[in-house]
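# Notes for the structure review
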Amino acid sequence: MSMLKFASLTSLAAGIMMAAGAAVADPITIKFSHVVAENTPKGQMAIKFQELVEEKLGDQVDVEVYPNSQLYGDDQVLEAMLLGDVQLAAPSLSKFQKYTDQLQVFDLPFLFEDMAAVERFQNSATGVQLLTSLQDKGLIGLGYLHNGLKQLSASEPLRVPEDAAGKKFRIQTSDVLAAQFKAIDAVPLKKPFSEVFILLQTQAIDGQENTYSNIYSQKFFEVQPYITESNHGLIDYMVVSSASFWNGLPEDVRPKVEAALKQALAYGNSIALKENQEAKQAIIDSGKSEIITLTPEQRQQWVEAMKPVWDQFADEIGQDVIDAAVASNEG
Ligand code: LMR
């Protein structure tokens, strides 16, 4: 063998070894940042996604899950995503206002009768179209994830809207939610999820709205003696990535990551109701917070006080989007 041939064979072999080495040494990292605890629908879904990616892709893709606002709060995570510092997040649908008006539909009070209606709307043509509403901002909506319906917790019992007048409530960063509390003469304050417990504990605020799952896993029930079962609104999520990251995944990798995400979302959605029921039971068992059941007449008063908010946002959201959501209540 000539020296030249030998040299080129050795460099070819070195090249192959380097390529193989590089594949092993450099997995694609997907940082999944979220704000809730692990024992919640979103926390469990994120762990399931991590497991499924590991199963399907082994060392090729590494999913790192950061729960409890460890890496970013919801108010920074989308900017971090566009900068490439995080690859996956699932903020609640109330937290996209900076990026699109349309998703505010999910915040309208007393819009969905139950989670089955939410599911129908998300699967409808309008719901699927809303997944693309962040497209021009460089974000890609990969699917919806359920948490559940919101309850009102407070330092005093809330039975009729007048009971909330003058009280301070923490809300997510949504103008619809601000209008909802202003409609009952309460004072809404936009605050990050990670600060809610301390604000309640120190009585800097009087109450907040959330699902049983969040009220339990964040220990809000320990510092809120009353929870009104109002089911007045929704906390669901959109799983998002940056279009450049997602579309840039290698052709042989992306379908497997997508399949893992689809399975993880199906899993998360299948446990959401049960997680919330168990959280409610655990709160009852703790004896620390009383759950107030509204009479139909009391609940109707909340509906009448809060529903005018729909008209305030009809132009921004689009009446057609609101109508499609209302139609989903009809099975
Ligand atoms: C909240 O901020 O109250 C929720 O959106 C948190 C969450 O992700 O469930």
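Described below are features of the structure shown in this document.

Definitions and limits used
Residues numbered from 1 in each chain as written. Predicted model: local features only at pLDDT ≥ 70, side-chain atom pairs only at ≥ 80, totals over all residues. Heavy atoms only, no water. Helix = DSSP H or I, 4+ residues; strand = E, 2+ residues; numbered from the N terminus. Buried < 20%, exposed > 50% of the residue type's maximum accessible area, 1.4 Å probe, protein only. Contact = heavy atoms within 4.5 Å. Areas by Shrake-Rupley, 256 points an atom, 1.4 Å probe, with all protein chains shown as cover. Arc of directions from axis to C-beta. Polar contact = N/O pair within 3.5 Å; in protein donor to acceptor, adjacent residues only side chain to side chain. Near = heavy atom within 4 Å. Nonpolar A, V, L, I, M, F, W, Y, C, P; charged D, E, K, R; others polar. Phe/Tyr/Trp six-rings, centres within 6.5 Å; stacked < 30°, edge-to-face > 60°. Lys NZ or Arg CZ within 6 Å of the ring centre and 35° of its normal. Patch = residues over 30% accessible without salt bridge, like charges linked within 9 Å, V, L, I, M, F, W, Y side chains within 5 Å. Salt bridge = Lys/Arg side-chain N within 4 Å of Asp/Glu carboxyl O. Lys, Arg positive; Asp, Glu negative; His and termini not counted. Charge placed at Lys NZ, Arg CZ, Asp CG, Glu CD. Pairing = 2+ DSSP bridges. Axes fitted to C-alpha atoms, helices over the stretch in contact; angles between N-to-C directions.

Turning to the overall build of the protein chain, a few remarks are in order. Regarding its fold elements, the protein chain presents 13 helices and 11 strands. Here the protein chain holds 331 residues, and the buried ones make up 49% of them. Taking all contacts inside the protein chain whose residues are at least 6 apart in sequence as the whole, residues at least 24 apart take part in 76%. Accessible area of the protein chain: about 14,800 Å², with a carbon and sulfur share of 52%.

As a further point, take unusual backbone geometry. With phi around 55°, Ser69 is a residue other than glycine that occupies positive phi space. Structurally, Ser69 is set in the loop between strand S2 (61-66) and helix H3 (74-82). Unusually for a residue other than glycine, Lys219 sits at a positive phi of about 65°. Along the chain, the position of Lys219 falls in the loop between helix H8 (212-217) and strand S9 (226-229).

Structurally, His146 can be placed in strand S4 (residues 139-149). Once residues lying within four places of it in the same chain are set aside, the contact partners of His146 are Pro41, Met115, Val118, Glu119, Gln122, Ile235, Asp236, Tyr237, Asn269 and Ala272.

Moving on, we get to helix H4 (residues 115-123). Residues of H4 that are buried: Met115, Ala117, Val118, Phe121 and Gln122. Down the axis of H4, the buried set is contained in an arc of 150°. They therefore lie on one face. Close packing links the buried residues of H4 with helix H5 (125-130), S4, strand S10 (234-242) and helix H13 (319-327). The N-terminus of H4 is capped by Asp114, whose side-chain oxygen sits 3.3 Å from the backbone nitrogen of Ala116.

Another aspect to go through is the site of the ligand. Neighbouring the ligand are Val35, Val36, Lys42, Ser92, Lys95, Arg170, Gln172, Phe193, Asn210, Asn214, Ile235 and Tyr237. Within the side chain of Lys95, a nitrogen or oxygen atom sits 2.6 Å from an oxygen atom of the ligand. Within the contact set of the ligand, an oxygen atom lies 2.7 Å away from a side-chain nitrogen or oxygen of Arg170. Relative to its free-state accessible area of 270 Å², the ligand is covered by the protein chains to the extent of 100%. A breakdown of the residues in the shell around the ligand according to their chemical character gives five nonpolar, four polar and three charged.

This next bit is on the packing of aromatic side chains. Applying the stated criterion to the full structure yields eight aromatic pairs. Taken together, a centroid distance of 6.1 Å and an interplanar angle of 75° make the contact between Phe193 and Phe220 edge-to-face. A residue pair is termed long-range when its members are at least 10 positions apart, and Phe193 in the loop between strand S7 (187-190) and helix H7 (196-201) and Phe220 in the loop between H8 and S9 qualify at 27 residues. Across the pair, exposure class does not vary: Phe193 and Phe220 are buried alike. Three or more aromatic residues joined by ring pairs form one cluster here, namely Phe106, Phe112, Phe121 and Tyr144. In this structure, Lys48 is placed above the aromatic ring of Tyr267, and the distance from its NZ or CZ to the ring centre is 4.4 Å. The ring of Trp310 has Lys307 sitting right over it, with the charged end atom 4.7 Å from the ring centre.

Looking now at a negative patch on the surface. A cluster of acidic residues, Glu51, Glu54, Glu55, Asp59 and Asp62, forms a negative patch at the surface. For the negative patch, the leading source of residues is helix H2 (residues 41-57), giving three residues. Inspection of the secondary structure puts Asp59 in the loop between H2 and S2.

A word on the pairing of S4. Every regular strand shows the same layout, with side chains that alternate between the two sheet faces. For S4, the tally of buried residues reaches nine of 11 residues, placing the bulk of the element in the interior. Note: S4 against S10, nine bridges, orientation antiparallel. Within S10, the position partnered with Gly143 by the bridge is Val239.

Moving on, we come to the side chain of Lys95. With respect to the element layout, Lys95 can be found in the loop between strand S3 (88-89) and H4. For Lys95, the contacting residues outside a window of four places in its chain are Val35, Asp74, Arg170, Gln172, Thr173 and Phe193.

Moving on: the pattern of salt bridges. Once their charged atoms are close, side chains differing in charge can pair, the charge on each being opposite to the other. Counted according to the given criterion, the structure contains 10 salt bridges. Note that Asp175 is salt-bridged to Lys190, the shortest N-O span being 2.5 Å. Placement of the pair is Asp175 in helix H6 (residues 175-182) and Lys190 in strand S7, with a sequence separation of 15 residues. Lys190 sits in the partly exposed class, given a relative accessible area of 39%. A salt bridge links Glu278 to Lys274; its shortest N-O distance comes to 3.7 Å. Placement of both Glu278 and Lys274 in helix H10 (residues 254-286) is noted, with a separation of four residues, approximately one turn of the helix.

In space, the six strands of this open sheet follow the order S7-S6-S8-S5-S9-S11, with mixed pairing throughout. Two strands lie at the open edges of the sheet, namely S7 and strand S11 (290-293), each paired on one side alone. Going across the sheet, the axis of each strand differs from the next one's by a mean of 30°, ignoring polarity. In this structure, S9 lies alongside S11, joined through four bridges in parallel fashion. Residue Thr228 lies in a different strand from S11, and its bridge partner there is Ile292.

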